[in-house]
Amino acid sequence: MRFLPPVWLVYALGFIPAVAYFALGVMDRLGADPQNVLERALGLWALRFLVAGLAITPLRRSLGLNLLRYRRSLGLLAFWYACLHLSVYLVLDQGLDGAAIWADIVKRPYITIGMAAFALLVPLALTSNAFSIRRLGPGWTRLHRLVYPAALLAAAHFVMLVKAWPPEPLVYLGLVVLLLAYRVVEPRLRRPSPRARAAQGR
Amino acid sequence: MLIGRKADIAPSEITPRAVWLDRRRFLGAAGGLGAGLILGGEAGAAPLQAAASPLSTGEPKTPKEDVTSYNNFYEFGTGKSDPKANAGSLTTSPWSIRIDGLVNKPGDYALEDILKGVSLEERIYRMRCVEGWSMVIPWIGFPLSEIVRRAEPQGSARYLRFETLVRPAEMSGQRSILPILDWPYVEGLRMDEAMHPLTILATGLYGETLPNQNGAPVRLVVPWKYGFKGVKSIVRISFVEAEPRTSWMTQSPREYGFYANVNPAVDHPRWSQKTERRIGEGGIFVKRRETLPFNGYADQVAGLYSGMDLRTFF
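Draft legend 1. Quick peek at the packing of aromatic side chains. A full pass over the atoms with the stated rule returns 18 aromatic pairs over all chains. Taking the centre distance of 5.8 Å and the plane angle of 40° together, the rings of Trp-45 of chain A and Phe-49 of chain A count as tilted. Placement of the pair is Trp-45 of chain A and Phe-49 of chain A together in helix α3 (residues 34-63), with a separation of four residues, close to one helical turn. In this structure Trp-45 of chain A comes out as partly exposed when scored by relative accessible area, which is 24%. Cluster of aromatic residues (ring-pair linked, three or more members): Tyr-159, Phe-258, Tyr-259, Phe-294, Tyr-305 and Phe-313 of chain B. Seen from the ring of Tyr-70 of chain B, Lys-80 of chain B lies directly overhead, with NZ or CZ sitting 5.9 Å from the centre. Sitting over the ring of Phe-73 of chain B, Lys-232 of chain B keeps its end group 5.2 Å from the ring centre.

Spelled out as structure tokens, the structure:
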């Protein structure tokens, strides 16, 4: 592709949903249960950015579309949306009621899982800079594989908070599983079979 | 009670019931038509006269817009706005309810015949959803006990089992590739719960006939239980001996019990039931409020469950 938009544009566009939802929320234009709409929308956008970030590598390897330069911004957007999502839950929803929040975290698997996903994202956000990449060397790549469990936990968090089995959370869980499975399956397909290697005279 | 009191009005002066009903139907149809032309929505909603009831709460009512645009009716999709978006396709007339099982008067009863024998009341009730939100809704309806009496249950009838319509052609949620629930939607009540004066069959809200998305033309309202007990668009009421297996019990027996009484002390396995968000009460800065045992109706209904462990019978 000849023209690729600058990275700052991803941030600029990426924060539009957050600004729009907060503005509509303050104006009480988010429907009947605005707090819930805001909380869920922020969480959903965090998950969307996680999925988008996970899609970068498969897009490059399978379609030759190189969007690597946007990966950090997508990851950081996911982190910031997770922060906003968590803040709405802590401040607006639970009113910073420490006992209720702690009870939620230890007693409710979907909250435990959501918190775990967030905790996994924190070191990734802290090391999403050129300095950390230089400093950590190959350890940086290993550390950032934490995004795989984080995305799985985030999708599971979504599936677990709904009644019955509505399609949307399952679609996101499916996307995450697919994108992670690609990473397991693709290298095996790429590596030549022993027979092919033998034919090459090895 | 006065016995043998002379009537103030000669029977000949009383407008025959059929004419009176027709007049209301005419006014209702005309009103509905007018409202339909003006609002362009709420197809078929007609004004409904109802007497006030001492059982109503004086709490501020949830705005009608919220009551009719934010609810669960999985037959039309799992999103909160799906029922309003998709329920317009439902045909609610003609409508009949099959009454069967352990009764002396089983049969298929036309809804208008059922309604002839009852007087409608407005019941402003709190409604607590199992998901942790609540509303105050001015229902219009009549006590379920009247239907029970007329059906003449036999001594062995201990429970009522309700079924919602199954009509995939008009109910988009029932056409879902991933089946959402095991249709038909089934709910149930114990006989004493069904006979309780708070338990009503509703045919309207906010002074009009029920919008399709709220369970037209007739639905159950049991204000001390979680909202999902309020089975909508009822087509069958069976009188049975054994506790009916409800749709939500089938879906997740660990999470949904038969009784489903509102109880802040018994959490849903996945979330707390201690507090609730009252819908329409102040944007994103709304504060949660404490959930009350039996949704605030404990004085009237706690006696039904005396001696029962409400953790076991949740």
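Now that the structure has been shown, the text picks up again.
Draft legend 2. A look at the interface of chain A and chain B. If you look at the interface, chain A gives 28 residues, while chain B gives 28 residues. Between chain A and chain B the total buried area reaches about 2200 Å² when both faces are included, carbon and sulfur atoms providing 54% of it. Put simply, chain A and chain B have six salt bridges between them. With its nearest N and O atoms 2.5 Å apart, the salt bridge here joins Arg-288 of chain B to Asp-93 of chain A. Between chain A and chain B we count 11 residue pairs in polar contact (both at pLDDT 80 or more) in total. Taken together, the elements giving at least two residues each to the side of chain A that touches chain B come down to α2 (16-26), α3, α4 (71-93), α5 (98-107), α6 (109-126), α9 (147-160) and α10 (167-190) of chain A. Ranked by residue count, the leading element in the side of chain A that touches chain B is α3 of chain A, at four residues.

Draft legend 3. Inspection of the environment of Pro-58 of chain A at higher detail. Residue and element names in this part refer to chain A. Considering the arrangement of structural elements, one finds Pro-58 in helix α3. Its relative accessible area of 7% is what places Pro-58 among the buried residues. Spatially, the C-alpha atom of Pro-58 lies 22 Å from that of Ala-117, the residues being 59 residues apart in sequence. Ignoring anything within four residues of it in the chain, the contact list for Pro-58 reads Leu-63, Leu-179, Tyr-182 and Arg-183.

About the criteria used
Residues numbered from 1 in each chain as written. Chains lettered and ligands numbered in written order. Predicted model: local features only at pLDDT ≥ 70, side-chain atom pairs only at ≥ 80, totals over all residues. Heavy atoms only, no water. Phe/Tyr/Trp six-rings, centres within 6.5 Å; stacked < 30°, edge-to-face > 60°. Helix = DSSP H or I, 4+ residues; strand = E, 2+ residues; numbered from the N terminus. Buried < 20%, exposed > 50% of the residue type's maximum accessible area, 1.4 Å probe, protein only. Lys NZ or Arg CZ within 6 Å of the ring centre and 35° of its normal. Contact = heavy atoms within 4.5 Å. Buried area = accessible area lost by both parts, 1.4 Å probe. Salt bridge = Lys/Arg side-chain N within 4 Å of Asp/Glu carboxyl O. Polar contact = N/O pair within 3.5 Å; in protein donor to acceptor, adjacent residues only side chain to side chain.

Geometric values such as these leave the question of function open.
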